[in-house]
Structure formats: C-alpha cells, structure tokens
Amino acid sequence: TAFKVRHVGMTDINPFPISISLVDLESEDAKKGTLGKLFGIGKKEKEEKKANDEEEEAWSKHATLFKSFGKVGLKKTIAFTHDEDVHCAVDYEESDLLPPQTEHAIERYNVTGVKKFAAEMAEKGLGKPKVSLQFEMSTSGITKLIKAEATVEEIVIVTEEVDDDEAANETEAAAATETEAVPVEEATPVE
C-alpha cells in the first residue's frame, strides 16, 4: 500500500518590532571641534541658529519598519520629500518580549549628498528631491540599509520638425505627431 505525506512548511519570524527615526543631519559648520567649544568659537552662530530653530520646527519622522512577529527576509522602502542630509536611526521598539537591559539601538546611518543634489535641482528650477531608503531584514533577522537614493522628476517636451518635402507627402499624419511630451526621471544615488 502507498500513502502520501502531507507537505509541512514553516516561516521564520522576528518577534521584536523595529522602528526608524529620521532627523536632519547636523551640518559640518555646526560641528565645531572641542577647542572651538571650549573657547566659545561659534557661540554667536549657535545662538542665532537656536533663535531660528525656535521659529522653525525641527524636521523629523518616525515609523515602524518591521512589525512584531513579522516574516524575515523582507525588504521595505521608506520614501519622503526632503532637501537636507538625513541621520537615520534603526532601533528596537519597546516590547515585553525584548530581554531586560537589551540595547535598543541597532544601526545608525548618515545619508549625505541629498543637500547638494537638492541645491543642484533648485538651480534648474525643479522641486525637492524624493528620498528613498530601502531596508532589508535578512533571513537571520539582521536589519540594514541596502539602498539610498534621491530622485527628481523632470518633464521634457520633445518636438519633431518636419521637412517641407516630407510634409507634402504626409499631410495629416505629420500634423498629428508634431509635439510629444515624454517624462524623464533624473536620479543621482545618495552616498
């Protein structure tokens, strides 16, 4: 007698929720050395910046990247419109399942090149770039940033010119296809 064994499958999960926090990256001008801080160099600039910061609310984003008890081996993309360099923090969220005294910090990334790219696009009269950060949770449960890029969509109108000799042969067909709009996407990877 023959019998068939039922297929049994398993899916590995990550029991801990993982979140992402995004804030503006501190500029190089704001990063004065220890001696500069000791002797008060840049103090006036800091006071002016502090006054400006109070007027403008600091940009930040926070989201859950991978939910508790979610499958491993997944990729997730976070996309936002921004024109400054970004500091990205990947952390465990508070959970009863996380062992006591476990460090919540997983990874820290500085996404640079966005400010420079945004300035170039502003000179061309284009809008703010769309920044995309792609994260992967490997099959071993390790979360890391695998791709970061900034893109700006630019619409270019292409016109075709028709010679007089060809225009005589193609009267109605040429008139219908003189102007075409073609969207072109310009992308520069963020370092």
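Residues numbered from 1 in each chain as written. Predicted model: local features only at pLDDT ≥ 70, side-chain atom pairs only at ≥ 80, totals over all residues. Heavy atoms only, no water.

1. Examining unusual backbone geometry
Argument step 1. In the Ramachandran plot, Phe69 falls in the positive-phi region, its phi being about 60° despite a non-glycine side chain.
Argument step 2. Its location among the elements puts Phe69 in the loop between strand 3 (60-66) and strand 4 (70-71).
Argument step 3. A positive phi angle is found at Gln101, which is not glycine, with a value near 65°.
Argument step 4. If you trace the backbone, Gln101 turns up in the loop between strand 6 (86-92) and strand 7 (105-111).
Argument step 5. Taking relative accessible area as the criterion, Gln101 reaches 84% and is therefore assigned exposed. (Helix = DSSP H or I, 4+ residues; strand = E, 2+ residues; numbered from the N terminus. Buried < 20%, exposed > 50% of the residue type's maximum accessible area, 1.4 Å probe, protein only.)

2. Considering the nonpolar core
Argument step 1. Counting residues in hydrophobic clusters, the biggest one holds 23 residues, and the most contacted among them are Leu22, Cys88, Leu133 and Phe135.
Argument step 2. Elements with a contribution of two residues or more to this core: strand 2 (18-24), strand 3, strand 6, strand 7, helix 3 (114-123), strand 8 (130-137) and strand 9 (143-159).
Argument step 3. Look past the residues within four positions of Leu22 in its chain and what remains in contact with it is Trp59, Ser60, Lys61, Ile78, Phe80, Val86, His87, Cys88 and Leu133. (Core = buried A, V, L, I, M, F, W, Y, C linked by side-chain atoms within 4.5 Å. Contact = heavy atoms within 4.5 Å.)

3. As for the packing of aromatic side chains
Argument step 1. Under the definition given, this model contains two aromatic pairs.
Argument step 2. Both rings, one in Phe16 and one in Tyr92, keep their centres 5.8 Å apart while their planes meet at 75°; by these two values the pair is edge-to-face. In this pair, Phe16 sits in the loop between strand 1 (13-14) and strand 2 while Tyr92 sits in strand 6, placing the two residues 76 residues apart along the sequence.
Argument step 3. Judged by its relative accessible area of 24%, Tyr92 falls in the partly exposed class. (Phe/Tyr/Trp six-rings, centres within 6.5 Å; stacked < 30°, edge-to-face > 60°.)

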